[in-house]
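Here's the letter readout for the chains.
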Amino acid sequence: MTPIIQLVRRASALPVIVACIALFILMVMTFCDVILRSVFNAPIEAATELTRILMAVMVFSVLPIVSTTNGHIAVDLTDGFFSRFHLTRTRDVLIYVVSGIMLFWPVQRVWVLAERARDYGDVTEYLSIPTYMIGWFIALSVAITALVMIATGVLKAFAPNILSEPLQ
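Everything quoted here is computed from the prediction, not taken from an experiment.

A. Geometry of the confidence of the model for the protein chain. Averaged over the protein chain, the pLDDT score is 92; the fraction of residues at 70 or greater is 97%. Within the protein chain, no element has a lower average pLDDT than helix H8 (residues 160-164), which sits at 76, and none a higher one than helix H6 (residues 104-120), at 98.

And the structure:
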C-alpha cells in the first residue's frame, strides 16, 4: 500500500473522533439538562443551541467517511442489471465522481451564507457563538467530502485494488 493511502486511512480516524466527542458532550449535556429540569426546575438555557451545533459537528465531520465507504442508504433496484452486464465498477466510478462534482454547489452556497452571517455579525442567542464558524465548518466538511469522493471515484476507476487493501 502506498504511504499516501496509508496516511489518508489513518487520518480518517480524526473526524470520527471529533464526532464521538461531540456525541459524548451532547449526551452529558442532555443528561444534565434533564436532571436539572426535573429536580431543580432549572434547565440549561443554551441546550437547544448547543444541540444544534453539536448535531452539525457530528453529521458533517463524518460525512466524508460515510460517503466514501458506501455508508449511505442505497436502493438496489438496478444492481441486477449492472451486475449482469459487468458495469458495477463503471456505475460506482460515475456516481462517485458526479456526486463529488455536484457537492461543490452546496459548498459555494453554504460559504456565501456563512460570509453573510459574518458580515451581519450573527451570533447564537445564549452563548453568542458566531454562526459563520459553523457555516465555515459545514462548507469545509462538504468540500472535503467532494474531494474525497472524486478521489475515490478515480481510484476505483484506475486502481480498485488499493481501496480494498487492509490497513496495515
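Moving on, there is more to tell.
B. Spotlight on the nonpolar core. In this structure, Ala22, Leu26, Met29, Ala47, Ile53, Leu54, Val57 and Met58 together form the largest nonpolar core, which totals eight residues. No other element matches helix H3 (residues 47-68), which puts five residues into this core. When near neighbours in sequence (up to four residues on either side) are disregarded, alanine 22 contacts Leu54, Val57 and Met58. Core analysis: the second largest hydrophobic core is formed by six residues, Ala56, Leu63, Val142 and Ala143 among them.

C. The arrangement of a nonpolar patch on the surface in detail. On the surface, Phe31, Ile35, Leu36, Val39 and Phe40 cluster together into a nonpolar patch covering about 500 Å² of accessible area. Examined against the element boundaries, leucine 36 turns out to sit in helix H2 (residues 13-40). Given a relative accessible area of 31%, leucine 36 falls into the partly exposed group.

D. Spotlight on the packing of aromatic side chains. Under the definition given, this model contains four aromatic pairs. A ring pair is formed by phenylalanine 81 and phenylalanine 82, whose centres lie 5.4 Å apart and whose planes are at 80 degrees; its orientation type is edge-to-face. Taking relative accessible area as the criterion, phenylalanine 81 reaches 42% and is therefore assigned partly exposed. Relative to tryptophan 136, the ring of tyrosine 132 has its centre 4.7 Å away and its plane inclined at 70 degrees; by these criteria the two rings are edge-to-face. Pair noted here: tyrosine 132 and tryptophan 136 are both in helix H7 (residues 131-158), with a separation of four residues, about one helical turn. Take tyrosine 132: its relative accessible area is 18%, and that puts it in the buried class. Aromatic ring contacts, followed pair by pair, group Phe81, Phe82 and Phe85 into a single cluster. Over the ring of phenylalanine 82 we find arginine 91, and its NZ or CZ is 5.2 Å from the ring centre.

E. Focus on the pattern of salt bridges. Considering all chains together, one arrives at four salt bridges under this definition. Ionic pairing is found between arginine 37 and aspartate 33, a salt bridge with its closest N-O pair at 3.1 Å. Residue arginine 37 and its partner aspartate 33 are located together in helix H2, separated by four residues, close to a single helical turn. Residue class for arginine 37 comes out partly exposed when judged on its relative accessible area of 44%. A relative accessible area of 11% places aspartate 33 in the buried class.

Rules behind the numbers
For every chain, the first residue of its written sequence is number 1, and the numbers climb from 1 along that sequence. Selection of residues for local features in this predicted model requires a pLDDT of at least 70, selection of side-chain atom pairs for listing and counting requires 80 or more, and totals for whole chains, interfaces and linings are taken over all residues. Computation of side-chain values covers all heavy atoms of the structure but excludes hydrogens and water. Every residue is assigned a pLDDT by the predictor, reflecting its confidence on a scale from 0 to 100. Secondary structure follows DSSP: runs of H or I at least 4 residues long count as helices, runs of E at least 2 residues long count as strands, and numbering of each begins at the N terminus. Take the buried residues of types Ala, Val, Leu, Ile, Met, Phe, Trp, Tyr and Cys, join any two whose side-chain atoms come within 4.5 Å, and each joined set is a nonpolar core. Burial classification: accessible surface area is computed with a 1.4 Å probe over protein chains only, and a residue below 20% of its type maximum counts as buried, one above 50% as exposed, and the rest as partly exposed. Should any heavy atoms of two residues lie within 4.5 Å, those residues are counted as being in contact. Distance thresholds for patches are 9 Å for like charges and 5 Å for nonpolar side chains (Val, Leu, Ile, Met, Phe, Trp, Tyr), applied to residues having over 30% relative accessible area and no salt bridge. Per-residue accessibility takes into account occlusion by the displayed protein chains alone, with areas from the Shrake-Rupley method and a 1.4 Å probe. Definition used for salt bridges: Asp or Glu carboxyl oxygen within 4 Å of a side-chain nitrogen of Lys or Arg. Pairing of aromatic rings covers Phe, Tyr and Trp, the last through its six-membered ring, and needs centres within 6.5 Å; plane angles under 30 degrees mean stacked, over 60 mean edge-to-face, and all others mean tilted. Two thresholds decide whether a charge sits over a ring: the Lys NZ or Arg CZ must be within 6 Å of the ring centre and within 35 degrees of the ring normal.

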